[in-house]
Amino acid sequence: MASTRRLTKPLSRLLSTALIFNYIFPCFILVYMAVLGLLLSLLHMARNPKHIVCLRQWRTSFLEAAQPSLFALSDMLLSGAKRELLNYAHGVVLEVGAGRGHTLKYYDPAKVSKVWAVEPNERSIRALNREILQLGLGGTYQTLRCGIEDAETLHNVGIIDGSVDTVVCILSLCTIPKPRDIISDLYSLIKPTGGQLLFLEHVASEHPLTRIVQNWYTSLIWPYVTGGCELNRDTAKWCIEVTRNGGETRWTSVEVHTIAGGWWNVFPHISGRLTKA
């Protein structure tokens, strides 16, 4: 009995330490972004002194300096999940929040006929276009500098209700405003009888304590230094239970998998494939 207690006590301490580390891990990410973003922002201000008095320029410079390395790290960690998910992409694809082009390499050119990449950020669009040229995808992949809510721009290129075979959301539904309304609009764009929504997102934890930690980060600082990202969105539920104009919608197939779960994880991810009736 005494030996059991001797084993249990160190194990309890280890688990407590691991839990605390998981809960403060976002702080390490924030510190990394702060150091990198601040250094590069100072260099930018040194080259552009007129921007020093503009708070918006400071924030823009900070995000543009810090985000690329964060996106690259995320892509490395989620490469397997992305490859598996985007293997299902086919036909005309609408990618929401294409960013700097980290998903390009995962598409199967034999399965997709067109990829419309929606991205509102000008610098990200430039990086995305460079990636397109580098991979020789100019004939298939086309960028749209707009938000996904810009129905007029989408309509002008033929993206209308029932026109898209595959909608792709990779770490984008965490940042867009009014996500439930956007998901409803995306549902309308998907072709009936076989059109699909593919998504890979980090979501709210199902564990109350971890959810409180996510709410704390989201309320205090996380969205402000990551370009609007919120850690506590119920994205899977919103996608599955999407409604359109107050009426019911239907999926013939719902496949949702947890990636890097665990009740202690502040960044649980889900991967989903929903097929429209």
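This report concerns the structure included in the present document. As the structure is a computational prediction, the values presented were derived from the model and not from experiment.

All right, on to the side chain of Thr 235 then. Summarising the element assignment, Thr 235 is placed in helix 9 (residues 235-240). Aside from chain neighbours lying at most four places away, what touches Thr 235 is Leu 173, Glu 201, His 202 and Val 203.

This part takes up the environment of Thr 143. Within the secondary structure layout, Thr 143 lies in strand 3 (residues 141-144). Non-local contacts of Thr 143, meaning those with residues more than four positions away in its chain, are made with Ala 117, Ile 125, Leu 128, Asn 129 and Ile 132. Reaching out from Thr 143, the side chain makes a polar contact with the side chain of Asn 129 at a distance of 3.2 Å.

We now examine helix 4 (residues 122-135). In this model, helix 4 (14 residues) spans 20 Å end to end at C-alpha, consistent with the 20 Å of a helix rising 1.5 Å per residue. Taken together, the buried positions of helix 4 are occupied by Ser 124, Ile 125, Ala 127, Leu 128 and Ile 132. The buried residues of helix 4 occupy one face: seen down the axis, they fall within an arc of 165°. More than 90 degrees from the buried face of helix 4, the exposed residues found are Arg 130, Leu 133 and Gln 134. Turning to helix 4, the residues buried within the fold contact strand 2 (112-118) and strand 3. At the N-terminal boundary of helix 4, the capping side chain belongs to Asn 121, with an oxygen 3.1 Å from the backbone nitrogen of Arg 123. Looking one or two residues past helix 4, Gly 136 carries a phi angle of roughly 65°, positive in sign.

Membership of the largest hydrophobic core comes to 30 residues, with the highest contact counts inside it found for Leu 94, Ile 148, Ile 159, Val 167, Cys 169, Leu 186 and Leu 197. Only strand 1 (91-96), strand 2, strand 4 (166-170), helix 6 (179-189), strand 5 (196-202), helix 9 and strand 9 (269-276) provide two or more residues apiece to this core. Top element by residues in this core is helix 6. It accounts for five residues. Look past the residues within four positions of Cys 169 in its chain and what remains in contact with it is Val 96, Leu 186, Leu 197, Leu 198, Phe 199, Leu 200 and Glu 201. Counting 22 residues, the second-largest nonpolar core is a separate cluster that includes Leu 104, Ile 125, Leu 128 and Ile 132.

Throughout the structure, instances matching the rule amount to eight aromatic pairs. Judged by centre distance (5.0 Å) and plane angle (75°), the ring pair of Trp 216 and Tyr 217 falls under edge-to-face. Residue Tyr 217 is classed as buried on the basis of its relative accessible area of 2%. Here a set of aromatic residues connected by ring pairs shows up, and it is made of Phe 21, Phe 25, Phe 28, Trp 222 and Phe 267. We note Lys 114 situated over the ring of Trp 116; from NZ or CZ to the ring centre the distance is 5.0 Å. The ring of Tyr 187 has Lys 276 sitting right over it, with the charged end atom 4.3 Å from the ring centre.

The pairing of strands in a sheet happens through backbone hydrogen bonds and is either parallel or antiparallel. In spatial order, the strands read 3-2-1-4-5-9-8; together these seven strands make up an open sheet with mixed pairing. Edge positions in the open sheet fall to strand 3 and strand 8 (251-259), since each of these has one partner strand only. Recorded for the sheet is a direction-independent mean angle of 15° between the axes of neighbouring strands. Looking at chain direction, strand 1 and strand 2 are connected through six bridges and run parallel. Counterpart to Leu 94 in the pairing with strand 2 is Trp 116. Strands strand 4, strand 5, strand 8 and strand 9 of the sheet are contacted by helix 3 (residues 79-86), whose axis makes an angle of about 170° with strand 5. Contacts from helix 6 reach strand 1, strand 4, strand 8 and strand 9, with the element oriented near 170° to strand 1.

Cut-offs used in this document
Residues numbered from 1 in each chain as written. Predicted model: local features only at pLDDT ≥ 70, side-chain atom pairs only at ≥ 80, totals over all residues. Heavy atoms only, no water. Helix = DSSP H or I, 4+ residues; strand = E, 2+ residues; numbered from the N terminus. Contact = heavy atoms within 4.5 Å. Polar contact = N/O pair within 3.5 Å; in protein donor to acceptor, adjacent residues only side chain to side chain. Expected span 1.5 Å × (residues − 1). Buried < 20%, exposed > 50% of the residue type's maximum accessible area, 1.4 Å probe, protein only. Arc of directions from axis to C-beta. Core = buried A, V, L, I, M, F, W, Y, C linked by side-chain atoms within 4.5 Å. Phe/Tyr/Trp six-rings, centres within 6.5 Å; stacked < 30°, edge-to-face > 60°. Lys NZ or Arg CZ within 6 Å of the ring centre and 35° of its normal. Pairing = 2+ DSSP bridges. Axes fitted to C-alpha atoms, helices over the stretch in contact; angles between N-to-C directions.

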